[in-house]
Amino acid sequence: MNPIRHYFQLQFTLLNRHISEFGLVPWLGYVLSVGLFIGLSFFLYYRTEYAPYLLLFGTFGAVLNLGERFRNDFIKTTYKTAECKKIRLLENSIIALPFLIILVVKKDYLAALATMLGAILMAFIQFSRSSNFTLPTPFNRCPFEFAVGFRKTFFFHLLAYFLVFMAITVGNFNLGVFSLILVFMVCLTYYSEMEATYFVWVHAQQPKLFLWNKIKTGLLYSTVLSLPIAVSLILFKPEYTHIIITFQLLGYAYLATFILAKYSAFPKNIGLPQSILLALCFTMPPLLLVAASLFYRQSTRSLQPILP
Amino acid sequence: MINIENLSKYYGSHQVLKGINLQLAAGQVHGIVGENGAGKTTLFKCIAGLEDFEGSIQGDYKPLKNHLGLLPTDPFFFSKITGREYLQLLCNARHLPLPDLDEKNIFDLPLNQYAATYSTGMKKKLALTAILLQQNEVFILDEPFNGVDIQSNMVITEIIQQLRSLGKTLLISSHIFSTLNDTCDRIYLLKDGQFVRQAGRDEFADLEAEMRAFTVGDRVARLGLG
């Protein structure tokens, strides 16, 4: 069989397995994903004029994932140079396609062009692994989620700080609030994957204390990242202080709930039931109270065998 | 023959490899020893074309990567790929007909399980099986014995010897000197990015004694274990 066709058939099989293990039949997973993607994209367009930029960033974030070093090295050593380039180009194009379609439908042709060109370019760019440089973080006291996560996503935080600077410069308060939300959304991703069981087992703590310490660290470190934005916005628009504090507190609430949701599925990754409840919480914030208490109970139960 | 001349590699301003010269003859097994961070893996990646470098690598096989089987220290596996699919993928990538995998599964690996669930040694054995099925001419094996059980160690040693007798070119690194002693025709000592010593088979014992004296020195005494 043609190696490239075989590669993509295999990737399709692997994707189906991921969806099945998430608790869905593959076709339903695809239908839901498409629906969710379209819904979210139109929602972004409805809520903010920066939607095309967000879609552009979304594309680059997804494409960057495919360019991950070990994965790329594997493809390079396994396939002939020309096949390797075709595979990377096709992969990036497939990932960029849904974003491209939305941008074209919304007549954002410039962003669509940037999306496609960026995706193509990133298939051929070899990101330097160079450096023994270690990005310093203020999170060394309590590794690892924030220390590791910050190093992977620091550019999103730089973007958030740039956006709040722009928000203040052009007098756009909504953009400022968006940058605050962006910081918390990025922090949530630090808890999206379950660590190896060993890294839970090493703690000489019972589940309640373990969870409390995780939440405490999460809240403290997310404050380090979000406070400059919150303070800048309060200084910029003191009359909206209550709104900024509300978003800051909501950020804390989502982060704590997310941490509890993560460990409620321990030792597996967050599954379908947790994801549905979290998604509902994003549409109805009061549900956070119910979700947090439910996840807390499940987490203590899941962690009990390994943290007696 | 693969001829590596004056190969240097920088990570930023830090020079990891400093003018490496190495001739890899067909039908010979070349061993590289060195401390962690000496530059062994970087050298292997340069030869495989995974890293840019200064200097030149010339050889009979063009391009080398299409004839090269690289066994990394920590092989990569796609999430949710089974052992069988991994072997199929690597054979297919080289346009090779698929052999009877059950027959070729000499390490008795559970091929229908996800490769990610394998132990370190099983992952290594799966990746080794795959590059053997690819019928490569050149093999770079980074720590092939690492984490592998003693029975499989014996099988791997036998495989290396057979590859040598078939005229293949082999470059191996290992932290276990005895495994190199059993398999290599020549051993190179890499230190701080350059070869500081090389030895033929009749000098292996001297090389090991020198390394032991130099490496161990007074380090253990410094721990003050009592």
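Reading the values: rules and limits
One numbering rule holds for all chains: residues counted from 1, following each sequence as written. The naming scheme follows written order: chains are lettered A onward, ligands numbered 1 onward. Local features in this predicted model are restricted to residues whose pLDDT is 70 or higher, and side-chain atom pairs enter the listing and the counts only when it is 80 or higher, whereas totals over whole chains, interfaces and linings include all residues. Secondary structure elements follow DSSP: runs of H or I of four or more residues count as helices, runs of E of two or more count as strands, with numbering from the N terminus. What the globule rule says is 2.2 Å times the number of residues to the power 0.38, and the radius of gyration is computed from C-alpha atoms. Comment: burial labels come from other C-beta atoms within 10 Å of the residue's own C-beta, placed from the backbone, where a count of 20 or more is buried, 12 or fewer is exposed, and between is partly exposed. Contacts here follow a simple rule: the backbone-placed C-beta atoms of the two residues must lie within 7 Å. At least two DSSP bridges between two strands are required for those strands to pair. Basically, the charged four are Asp, Glu, Lys and Arg, the nonpolar ten are Ala, Val, Leu, Ile, Met, Phe, Trp, Tyr, Cys and Pro, and anything else, Gly included, counts as polar. Confidence of the prediction at every residue is given by pLDDT, a number between 0 and 100. In this description, a line fitted to the C-alpha atoms serves as the axis of each element, helices being fitted only across the stretch in contact, and the angle between N-to-C directions of two axes falls anywhere from 0 to 180 degrees. We call a crossing left-handed when the near helix sits turned anticlockwise from the far one by less than a right angle, and right-handed when that turn is clockwise. Source of the domain bounds: an automatic or database domain assignment. The scheme is simple: roughly parallel for angles under 35 degrees, roughly antiparallel for over 145, roughly perpendicular for 65 to 115, oblique for anything else.

Summarise the overall build of chain A; cite the residues concerned and give the values.
When you go through chain A residue by residue, the secondary structure sums to 13 helices and zero strands. Each helix (α) and strand (β) of chain A, taken in turn from the N terminus, gives the series α-α-α-α-α-α-α-α-α-α-α-α-α. At 21 Å, chain A has a C-alpha radius of gyration in line with the 19 Å of a compact globule built from 308 residues. Summarising its shape, the C-alpha atoms of chain A cover approximately 55 × 55 × 45 Å along the three principal directions. Here chain A holds 308 residues, and the buried ones make up 29% of them. Of the contacts formed within chain A by residues at least 6 apart in sequence, a portion of 71% connects residues at least 24 apart.

Outline the pairing of strand E9 (residues 194-200) of chain B, listing residues and values.
Of the strand pairs in this sheet, strand E8 (residues 186-191) of chain B and E9(B) are connected by six bridges, and their pairing is antiparallel. For B:Ile187, the partnering residue across the bridge sits in E9(B) and is B:Ala199.

Tell me about the interface of chain B and chain A, and name the residues and values.
Listed as interface residues are 20 residues of chain B and, on the opposing side, 21 residues of chain A. Counting residues per element, the side of chain B that touches chain A draws most heavily on helix H2 (residues 83-93) of chain B, which supplies five residues. Looking at side-chain class alone, the side of chain B that touches chain A contains 11 nonpolar, six polar and three charged residues.

An account of the confidence of the model for chain B is requested, with residue identities and associated values reported.
With 100% of its residues at a pLDDT of at least 70, chain B reaches an overall mean of 91. This complex was scored by the predictor with a pTM of 0.74 and an ipTM of 0.77.

I'd like to hear about the packing of helix H11 (residues 241-264) of chain A against helix H13 (residues 287-303) of chain A, residue by residue, with values.
Residues and elements named next belong to chain A. Two elements in contact, H11 and H13, have axes whose closest approach is 7 Å; the angle formed by their N-to-C orientations is 35°. For the pair H11 and H13, the sense of crossing is left-handed. Side by side, H11 and H13 meet where Ala253, Ala256, Thr257, Leu260, Ala261, Tyr263 and Ser264 of the first sit next to Leu288, Ala291, Ala292, Phe295, Tyr296, Gln298, Ser299, Ser302 and Leu303 of the second. Considering only residue class, the contact of H11 with H13 consists of 11 nonpolar, five polar and no charged.

Residues and numbers for the sheet that holds strand E6 (residues 138-142) of chain B, please.
All names here are of chain B. Across the sheet, six strands lie side by side as E5-E6-E7-E3-E8-E9; this open sheet has mixed pairing. Each edge of the open sheet carries a strand with a single partner, namely strand E5 (68-71) and E9. Averaged over all neighbouring strand pairs, the angle between strand axes comes to 15°, with direction disregarded. Note: E6 against strand E7 (residues 169-173), five bridges, orientation parallel. In the sheet register, Val138 faces E7, and the bridge partner there is Thr169.

Describe the domain arrangement of chain A, listing the residues and the values that go with them.
Residue and element names in this part refer to chain A. What the domain assignment lists for chain A is domain 1 (3-124) and domain 2 (145-303). The gap between the C-alpha centroids of domain 1 and domain 2 is 25 Å. Contact with domain 1, which involves five residues of that partner, is made by five residues of domain 2. The residue inventory of the side of domain 1 that touches domain 2, partitioned by class, reads three nonpolar, two polar and no charged.

Before we move on, could you go through the sheet that holds strand E1 (residues 2-11) of chain B and cite the residues and values that matter?
Residue and element names in this part refer to chain B. An order of E2-E1-E4 is seen for the three strands of this open sheet, with the pairing classed as antiparallel. Both outer strands of the open sheet, strand E2 (14-24) and strand E4 (54-59), are each paired with one neighbouring strand and no more. The mean inter-strand angle of the sheet, taken between neighbouring strand axes irrespective of direction, is 15°. With seven bridges joining them, E1 and E2 adopt antiparallel strand pairing. Residue pairing for E2: Ile2 is matched across the bridge by Leu24. Taken strand by strand, helix H1 (residues 40-48) contacts E1, E2 and E4, and its axis lies near 65° from that of E2.

How would you summarise the packing of helix H7 (residues 145-170) of chain A against helix H8 (residues 173-189) of chain A if you had to cite specific residues and measurements?
All names here are of chain A. At a closest axis distance of 8 Å, the pairing of H7 and H8 adopts a crossing angle of 170°. On the basis of the axis angle, H7 is roughly antiparallel to H8. When H7 is examined against H8, the residues Gly149, Thr153, Phe156, His157, Ala160, Leu163, Val164, Met166, Ala167 and Ile168 are found in contact with a partner set consisting of Phe173, Leu175, Gly176, Phe178, Ser179, Leu182, Val183, Val186 and Thr189. Tallied by class, residues from the contact of H7 with H8 come to 13 nonpolar, six polar and no charged.

Let's hear about the domain arrangement of chain B: which residues, and what values?
Put simply, an interface is often sized by how much accessible area is lost when its parts join up. All names here are of chain B. Each domain of chain B was delimited in the assignment, giving domain 1 (1-22 + 43-59), domain 2 (64-176) and domain 3 (185-215). Computed over C-alpha atoms only, the centres of domain 1 and domain 2 are separated by 24 Å. Taken together, the contact between domain 1 and domain 2 spans seven residues of the former and eight residues of the latter. Broken down by secondary-structure element, the contributors of at least two residues to the side of domain 1 that touches domain 2 are H1 and E4.

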